[in-house]
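Secondary and tertiary structure notes
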Amino acid sequence: MSSIRAASDTRTTDSLKLTLTRRLVIGLLFIGLFGAIVAYVVGTRFANRAYDRSLFDDVRVLANQVRSVEGSAQITLSPDALLWLLADEGDDVIYRVTDLSNRRVLTSNGNLGGLPDLDINDDEPYFRSVALGDTRLRVAYVKRRVGPATALVEIAETTRKRTELSQGILIGTVSMMSLIILVAVALVWSGVSRALAPLAELEADAARRSIGNMQPLDPRSAPAEVRGLIEAINHMIARVAQAIDMQRHFLANAAHQLKTPIAGLRLQAQLALKAEASGPAHDSMREVERRATHSAHLIEQLLTLAHAESSDDSLPVSGIDLTQVAQQVIERRLPDAIARRIDLGFEGDGKVCVIVANEVLVGELLGNLVDNGLRYGRGGGHVTVVLERDEHGITLAVSDDGAGLPTEQREQVFRRYWRSDAASSEGAGLGLAIVKEIAERYRGTVAIVSRPEFDGTRVEVRFATDAAANIAVPNKGERTT
């Protein structure tokens, strides 16, 4: 089971937006890389063609300066004139004119290596690449026939400008592709965010709902791809709501059916106690009466839990003064407090503390907290109902000075039917579960607080500001007993 949960947790970390964007980026990177390579190759090829054409133009100009003199090829320009004619900014230019009849070099300003293949057509451009040490040269050459003589005219230039142009093409292409990828990712991220916005609204709607709200989600605003999922969730919600209603109705009906015989049993036990002053039968009847009282209390708790879990809005709500509720609960619990020799009191800050809720359920909430404090508080100690209000909301707390609760049990006590080993036999493990259900019904939170100034146990129920009502209620006083 733990491995399945771990795998599920791993899957839920994947965001649909991030997944789509990640896959798009990967695809665009491949496209950008392929596009950059193609642009580099094509751009370099066309750039080399342009440089080759310019180089051959120089070869043709130089070939036009070759003349036939007494049957031999001669160049009509001086070396200085040739350097001026063939000068090129950015690259070094090397030329060579060779009389092919005797392989004599007529003029040259550098080494171009051996002669190329001479089985070529006259006056047609040819090119070759030459590497002389660390220097790479691009050579254009032509065979020119002048009279009875034939000359080979060659001009070479270094590839510095070609390399710089190729690098510029590569940088420009990569920059353009990077910009396209960034713009595409931004557009897709924005588009996916807008497309998923309805899902965020559905999530917010679900998060705002109370624990008993089983209304179906609205799939109309969601993308078509997830409407089927939302419909399936709505069907599941309907089945869960039906099962919960059946369970709650069974619980409520069973509790109602049990109330009458339990009440009759208590009455008969009390009559028997009055008739039998002492003896074994008296003790047995007292135990029966005590057990019947405990069963009646459990039935009342089950009914309260069923009401608290109810998802309908049939229970009336109004502005409730928590100070008055606290005083009423304290008055009803005073006999139990006196019997246990516990000082039961109230402390308030004098501020108006009103919430919109059902008065009976809120009374049950506080009654369970007080019962819990009386049951687990120290005999001869104190149980205090505290009511405070600040800018964040209203805090309703009950504290006792009993043995306290271990830290590891402070979450477990809110589970139904959970009881610690040190719990008394009177409880059923429903009191704090009921408190939690009622508090969450009215957007409240409940927690067991541990602070240095608190001895024993302090249970706090906090109602947020939006659950509080601005109703004028007379301020109540300080601690009463």
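The text that follows walks through the structure, step by step, so that each part is easy to find. (Residues numbered from 1 in each chain as written. Predicted model: local features only at pLDDT ≥ 70, side-chain atom pairs only at ≥ 80, totals over all residues. Heavy atoms only, no water.)

1. Section: the pattern of salt bridges
All chains considered together, the criterion is met by 15 salt bridges. In this structure, the salt-bridge partner of Glu-157 is Arg-162, at a minimum N-O distance of 3.4 Å. Residue class for Glu-157 comes out buried when judged on its relative accessible area of 5%. According to the relative accessible area criterion, Arg-162 is buried, its value standing at 7%. Salt bridges sharing common partners tie together Asp-52, Arg-138, Glu-157 and Arg-162. (Salt bridge = Lys/Arg side-chain N within 4 Å of Asp/Glu carboxyl O. Buried < 20%, exposed > 50% of the residue type's maximum accessible area, 1.4 Å probe, protein only.)

2. Some details on helix α9 (residues 431-441)
Taking burial as the measure, the eleven residues of α9 include nine buried ones, the bulk of the element. The set of residues buried in α9 consists of Gly-431, Leu-432, Ala-433, Ile-434, Val-435, Glu-437, Ile-438, Ala-439 and Arg-441. Positive backbone phi, at 55 degrees, marks Arg-443, one or two positions downstream of α9. (Helix = DSSP H or I, 4+ residues; strand = E, 2+ residues; numbered from the N terminus.)

3. Focus on a nonpolar patch on the surface
A contiguous nonpolar patch, built from Leu-33, Ile-37, Tyr-40, Val-41, Leu-170 and Val-174 and spanning about 490 Å² of accessible area, is present on the exposed surface. If one sorts the elements of the nonpolar patch by residue count, helix α2 (residues 16-63) sits on top with four residues. (Patch = residues over 30% accessible without salt bridge, like charges linked within 9 Å, V, L, I, M, F, W, Y side chains within 5 Å. Areas by Shrake-Rupley, 256 points an atom, 1.4 Å probe, with all protein chains shown as cover.)

4. Thoughts on empty space enclosed by the protein
The final tally for this structure, using the stated rule, is two cavities of 30 Å³ or more. Lining of the second largest cavity is provided by Leu-369, Asn-372, Gly-373, Val-398, Asp-400, Thr-457, Arg-458 and Val-459. Breaking the lining of the second largest cavity down by element, the ones donating at least two residues are α8 (359-376), β12 (393-400) and β14 (457-464). Taken together, the residues of the lining of the second largest cavity break down into three nonpolar, three polar and two charged. (1 Å grid on protein atoms, 1.4 Å probe; cavity = no way out; pocket = protein on both sides within 12 Å on 5 of 7 lines; lining within 4 Å. Points joined across faces, edges and corners; volume = space filled by probe spheres on them. Nonpolar A, V, L, I, M, F, W, Y, C, P; charged D, E, K, R; others polar.)

5. Brief notes about the pairing of strand β2 (residues 72-75)
With burial as the criterion, only one face of β2 is covered, namely that bearing Ala-73 and Ile-75; the residues Ser-72 and Gln-74 on the opposite face remain uncovered. Relative to β2, strand β1 (residues 66-69) is paired through four bridges, and the arrangement is antiparallel. Residue pairing in the sheet places Arg-67 in a bridge with Gln-74 of β2. (Pairing = 2+ DSSP bridges.)

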